Amino acid sequence: MPLMGSLYIGSSGLQTSQNALNTTAHNLSNMDTVGYTRQQVQQSSRSYNTLSIDVKSINNKQTGLGVNYSRVKHVRDYFLDKMYRRESGRSMFYQVSTEVMEEVQSQLGEMNGEAFQTTITDFWTAVQELAKDPASSVTQGLLVQRAAEFIQRAEAVYEGLCAYQDNLNAQVKQQVDKINSYGQKILALNDAIRKVEAGGVEKANDLRDSRDTILDELSQMADINFGEDASGAVWVQIEGMDFVKGEVSYEIGIYEDKATGFYTPFWYQNATYKTMDDGSREYNIDGAEVFDLTREISSDLNTDIGGLKAMLLARGDHRADYTDIEKDYDSVSQSILMNIQAEFDQLIHVVATKVNSVLAEAAGVTTGNLTVDDGNGGTITLQNVKYCTADGNYMRKDDGSPIQMFAKSATDGYRKVKLAADVVDAQGNVVIKAGEECWVYNEEKPGSDTEAREDGSLYSIKNLQVDPELMQKPSMLGFRLADGSEDKATANALKEAFTEEIYTLNPNVKKTSSFVDYYSDLVSQVANSGYQFRHIFTNQENTVEGITSAREQVVGVSSDEELSNMIKFQNAYNASSRYINVIDEMLEHILSTLGA
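Residues numbered from 1 in each chain as written. Predicted model: local features only at pLDDT ≥ 70, side-chain atom pairs only at ≥ 80, totals over all residues. Heavy atoms only, no water.

Student: Would you mind going over the packing of aromatic side chains with me for this structure?
Tutor: Aromatic ring pairs: the centre-centre distance and the angle between the two ring planes describe each pair. Enumeration according to the criterion identifies 20 aromatic pairs in this entry. Counting every residue linked through ring pairs, the aromatic cluster contains Phe-116, Phe-123, Trp-124, Phe-150, Phe-344, Phe-406, Phe-498, Tyr-503, Phe-515 and Tyr-519. Between the NZ or CZ atom of Lys-82 and the centre of the ring of Phe-226, over which it lies, the distance is 5.2 Å. The lysine or arginine in question, Arg-85, covers the ring of Phe-226, its NZ or CZ lying 4.7 Å from the ring centre. (Phe/Tyr/Trp six-rings, centres within 6.5 Å; stacked < 30°, edge-to-face > 60°. Lys NZ or Arg CZ within 6 Å of the ring centre and 35° of its normal.)

Here is the structure:
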């Protein structure tokens, strides 16, 4: 080969070594950059010039034309990426569930010295003191005071649970907004990567790192599938539905329930809508929800993946009360907050109704059928209702209505009706004559969710108070019979109400408890569930750490390896430089000799 041509061989060595050094320096400078993937230099030889062909020789006579910097390899393992993103999503699911359970424990006050258990114990102590001296105004006043504290503290606990529900609801919207922004970023990066790699020579490795980092973060929010098409663009599915595909990012919508204010993520492309007069759209999201929250949560089914799904499950879809346990416990059992709300409200409900029923029995309230005026000139028969005469005075208020320790805020406990027929007892004696008035108990109306929460008929935390009149005058209780003796029977009945072990947390629990033990069982249930979530989360963290370590061995930058490569490429650069110097000296010698 002519000497001038040999200079190009040395030049290719200089250029290739310099580019390799640049890549090595890029790796070293990004050792601590989150999401960076090490880049690996690949070199190849240029074409050979064939000088002569000799079939008798092992090889033809050829001369090389130098070296090529063929490409910079983006070192990743698709299998490890897929496994990492799935397991990190599962880890985030249990992390959110663990955090929610710990917050519930905090709301119950068991971790900061404001335990609700103390309030129950104080109320129970007041009942015991009343049983010792029922006619004492001191013990009566203490009972009413402790009852008021019981309701106030219960309301504070329940409102705390509701406030955390709202907090989770706000986080749901934030997460959906972030997911949608990630979809737009992936589209932009897909486009930028295609432009860079369109020539088939250069690789947009740093852009790919940014895209992979987004996929890592997206996988923690929801269960995703992903892949890369022939042009280098990534497609993404969330919960089995297309999220990023081709030139489109399918935005996730947020549906706000008008009754609860709770958000539900849904797919615009799967929902139907009607256009309102003001131009806005009213969506029907039935079947368009992003997450199917009715499915069993199981690792085998891969239904326990994604922090957003965990938030939606923990939050639930409404404020739960005791009626949810009676009507359809399965509808609240998977939601941490709704389950606790329902079980806690059930405790308050049974305490309130049981105490009221003891006082009602003392006031002469009985059960039977009544025929009353309907107010429109006709009559109506009330079947199996609780009622009492209008002229009693023991355990009665000034208007003759039975005293209720726990009254409803929105509606009255009793209503006065006019009888259209005589009321007779079991012996046939007329108890109340036709035309007279009596007090009838206003029954609760669980009904549907909406009805139960709007008609104010429930003895629920949100609708309870200690009777204001009783708060002003606790001595109304009296606990002194017509003959002047103390009513120890009613006081003891209140005491027995607190010790009866006939209550269960939910239909799936067989253990029966008293009022005092019920709350202990509720706290134990929360603690056990929290321990289980924490245990699963810890194990999942270890799994993710193992996969992360394996992935780092592939994508991570090793300073020792890169420094070794730097020395190697530096030596290659020096060798090419010396080669060029030798060729230069030879040319100078030839020119000097010929010139002489």
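Student: How should I be thinking about the layout of surface pockets in this particular structure?
Tutor: Here the idea is plain: a probe the size of a water molecule rolls over the atoms and shows the empty space left. Quantified by volume, the second largest pocket comes out at close to 460 Å³. In this structure, the second largest pocket is lined by 20 residues; those nearest its centre are Met-101, Ser-333, Gln-334, Ile-336 and Phe-533. The set of elements that each furnish at least two residues to the lining of the second largest pocket consists of helix H2 (78–107), helix H6 (307–315), helix H9 (336–362) and helix H13 (515–555). Take the lining of the second largest pocket: its biggest share by element is six residues, from H13. Residues that form the lining of the second largest pocket fall into these classes: twelve nonpolar, eight polar and no charged. (1 Å grid on protein atoms, 1.4 Å probe; cavity = no way out; pocket = protein on both sides within 12 Å on 5 of 7 lines; lining within 4 Å. Points joined across faces, edges and corners; volume = space filled by probe spheres on them. Helix = DSSP H or I, 4+ residues; strand = E, 2+ residues; numbered from the N terminus. Nonpolar A, V, L, I, M, F, W, Y, C, P; charged D, E, K, R; others polar.)

Student: Help me understand the pattern of salt bridges in this model?
Tutor: Close approach of charged atoms lets side chains of opposite charge pair. Scanning all chains against the criterion turns up 30 salt bridges. Note that Arg-208 is salt-bridged to Glu-228, the shortest N-O span being 3.0 Å. Of this pair, Arg-208 sits in helix H5 (residues 205–221) while Glu-228 sits in strand E5 (residues 224–228); the two residues are 20 residues apart in sequence, bridging distant segments of the chain. The buried category is assigned to Arg-208, whose relative accessible area is 11%. (Salt bridge = Lys/Arg side-chain N within 4 Å of Asp/Glu carboxyl O. Buried < 20%, exposed > 50% of the residue type's maximum accessible area, 1.4 Å probe, protein only.)

Student: When you look at the packing of H9 against helix H12 (residues 488–499) in this model, what are you seeing that I'm missing?
Tutor: The relative placement of two packed helices comes down to the angle between their axes together with the axis-to-axis distance. Close contact between H9 and H12 brings their axes to 10 Å; oriented N to C, the two are set at 160°. Of the possible angle classes, the one that applies to H9 and H12 is roughly antiparallel. Here H9 runs over H12; the crossing is right-handed. Of the residues in H12, those in contact with Lys-354, Val-355, Val-358, Leu-359 and Ala-362 of H9 are Thr-490, Ala-493, Leu-494, Ala-497 and Phe-498. Its residues assigned to classes, the contact of H9 with H12 shows eight nonpolar, one polar and one charged. (Axes fitted to C-alpha atoms, helices over the stretch in contact; angles between N-to-C directions. Parallel < 35°, antiparallel > 145°, perpendicular 65-115°, else oblique. Left-handed = near helix turned anticlockwise from the far one by under 90°. Contact = heavy atoms within 4.5 Å.)

Student: Any chance you could explain the nonpolar core here in plain terms?
Tutor: Within soluble globular proteins, side chains that are nonpolar tend to cluster in buried spots. Counting residues in hydrophobic clusters, the biggest one holds 102 residues, and the most contacted among them are Phe-116, Ile-348, Met-405, Phe-406 and Leu-477. A total of 20 residues in this core trace back to one element, the largest contributor, which is helix H4 (residues 137–197). Among all residues touching Phe-406, those that are not within four sequence positions of it are Phe-123, Ala-147, Phe-150, Ile-151, Val-351, Ala-352, Val-355, Asn-356, Tyr-459, Leu-464, Gln-465 and Val-466. In terms of nonpolar packing, the next biggest core, distinct from the first, is built from eleven residues, Val-372, Val-385, Val-423 and Ile-432 among them. (Core = buried A, V, L, I, M, F, W, Y, C linked by side-chain atoms within 4.5 Å.)

Student: How do you make sense of the pairing of strand E6 (residues 234–238) when you look at a structure like this?
Tutor: Look at any regular strand and the pattern is simple: side chains alternate between the two faces of the sheet. Side chains Val-234, Val-236 and Ile-238 of E6 all project onto a buried face; the interleaved residues Trp-235 and Gln-237 project onto a face where none is buried. Pairing of E5 with E6 involves five bridges; the strand directions are antiparallel. Across the sheet, the residue bridging to Glu-228 is Val-234, located in E6. The antiparallel hairpin formed by E5 and E6 contains five residues in its connecting segment, where Gly-232 sits at a positive phi of about 95°. Pairing of E6 with strand E7 (residues 241–245) involves three bridges; the strand directions are antiparallel. Bridge assignment links Gln-237 to a residue of E7, and that residue is Asp-242. Counting the residues between successive antiparallel strands, the hairpin from E6 to E7 contains two residues, one of them, Glu-239, with a positive phi of roughly 55°. (Pairing = 2+ DSSP bridges.)

Student: Whenever I open this one, the pairing of strand E13 (residues 366–373) confuses me. Can you help?
Tutor: Sheet analysis places E13 next to strand E14 (residues 379–389), joined by seven bridges and oriented antiparallel. Each bridged residue has a counterpart across the sheet, and for Thr-371 the counterpart in E14 is Thr-381. Linking E13 back to E14 in an antiparallel pair, the connection comprises five residues, with Gly-375 at a positive phi of about 85°.

Student: Sorry, what's going on with the sheet that holds E7 here?
Tutor: To summarise the sheet geometry, strands pair through backbone hydrogen bonds and adopt either a parallel or an antiparallel arrangement. Spatially, the four strands line up as an open sheet ordered E5-E6-E7-E8, and their pairing is antiparallel. Two strands in the sheet have a free side with no partner beyond their single neighbour: E5 and strand E8 (248–249). Taken strand by strand, H4 contacts E6, E7 and E8, and its axis lies near 45° from that of E7. In the packing of H5 onto the sheet, the strands contacted are E5, E6 and E7, and the crossing angle to E5 comes to about 160°.

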